[in-house]
Amino acid sequence: RAQSIGYNMELGFIKKKNAQVVGIPLGPIKNYIGFSRLDGTYGKDLLEDYAIKIDYEKNMLEFTAKDLFKYNGKGEKVPFEIDGHYVINAMVEGLPVKLWVDTGDRSNLTLFETFVKKHQLLKNREPIIYNITGHGVGGPIPAKVSRVASLRIGSMIVNHVVTRFPEHKYFPYDEVDGTIGTGLLKSWNITFDKKREEIIFESNTLAPQNYDRSGL
C-alpha cells in the first residue's frame, strides 16, 4: 500500500488539486465481482463539497454544490454523523443500532459480532447458512447469513431483511454495530446532504437484494 499527495483528479465537472491518493491492489475485487474494469475508487475527500444523489433506478449520480442544494420533495430525512464513515441510527428487531452507510458494500445488512453476541441474535435463529458473502481489500469475507425480522430507519420499516453475521476478525469494529449496504440502499434513491448532515431517502421501484443459492 502506497500513499502520495499531489495528484489532480477530475470527475465530470468536479476537479480537485493536490488530492491524496492511496495505492491498493483492486485486481482480486475486480475479478471476484466480475467488473470489466476497476481502476480505483473515489473517496469522500473528493466529494465533500457536494450534495450527492444516487439514483439507483437510472444508475445516475447527481452532484450539486452543497451551498446551493435545496430539497423540497417528500423523501425522509435521516440525520447522520461522520466518524470516517457516514453513521445513522436505526432499529433492528427493536434494538437500537448505529450503522455505517456503505455504498461500496453489495450486501443488505451486516451486523458485527460484538453487537450480535451481546443480544444473542443468532440464538435459535433459523435458517442460517455459511458462505462467502463478499470480497474486500483483505480478501474473501465468509459469514453466517440469515434474516432479521425488521429494520427501521426513521419511519421506514423493511421486514425479513437478509443479513450477514461475520466474525469479528473480518470486521474488527466496536464503535458501530454494523453496516447497511447497496443491496438494501437501492430500495431508495438517496441523497447525501453534507451541509445539513442528512441523508434523504426517496422511495423507488427497486426491491432489496435477495440472497443467491441460499434457500433463505
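Structural data are supplied above this passage.
Just so you know, these numbers come straight off a predicted model, no measurement behind them.

Here's the deal with the overall build of the protein chain
Move 1: Each helix and strand counted, the protein chain has four helices and 15 strands in total.
Move 2: Within the protein chain, buried positions represent 41% of all 216 residues.
Move 3: Look at the contacts in the protein chain between residues 6 or more apart in sequence, and 56% of them connect residues 24 or more apart.

A closer look at the side chain of E202
Move 1: By secondary structure assignment, the location of E202 is in strand β15 (residues 198-203).
Move 2: Judged by relative accessible area, which is 19%, E202 ranks as buried.
Move 3: In terms of polar contacts, E202 uses its side chain to reach the side chain of Y71, at 2.8 Å.
Move 4: Here E202 is in contact with K53, Y71, G75, W188 and N189, once residues within four sequence places are set aside.

Regarding the nonpolar core
Move 1: By size, the foremost hydrophobic cluster in this structure holds 31 residues, and its most contacted members are L111 and I153.
Move 2: The residues contacting L111, other than those within four sequence positions of it, are V92, L99, V116, L121, V148, T163, R164, F165, P166, D177 and G178.
Move 3: With six residues, the next largest nonpolar core counts F112, I141, F171 and V176 among its residues.

Describing the sheet that holds strand β3 (residues 50-55)
Hydrogen bonding along the main chain pairs the strands of a sheet, whether they run parallel or antiparallel.
Move 1: Taken in spatial order, the five strands of this open sheet run β4-β3-β14-β15-β5, and their pairing is antiparallel. The sheet is open, and its two borders are formed by β4 (60-65) and β5 (76-79), each paired with just one other strand. Shown here is a sheet whose adjacent strand axes are inclined to one another by a mean of 20°, direction ignored.
Move 2: Relative to β4, β3 runs antiparallel, the two sharing six bridges. When the sheet's bridge partners are listed, K53 is paired in β4 with E62.

Reading the values: the criteria
Residues numbered from 1 in each chain as written. Predicted model: local features only at pLDDT ≥ 70, side-chain atom pairs only at ≥ 80, totals over all residues. Heavy atoms only, no water. Helix = DSSP H or I, 4+ residues; strand = E, 2+ residues; numbered from the N terminus. Buried < 20%, exposed > 50% of the residue type's maximum accessible area, 1.4 Å probe, protein only. Contact = heavy atoms within 4.5 Å. Polar contact = N/O pair within 3.5 Å; in protein donor to acceptor, adjacent residues only side chain to side chain. Core = buried A, V, L, I, M, F, W, Y, C linked by side-chain atoms within 4.5 Å. Pairing = 2+ DSSP bridges. Axes fitted to C-alpha atoms, helices over the stretch in contact; angles between N-to-C directions.

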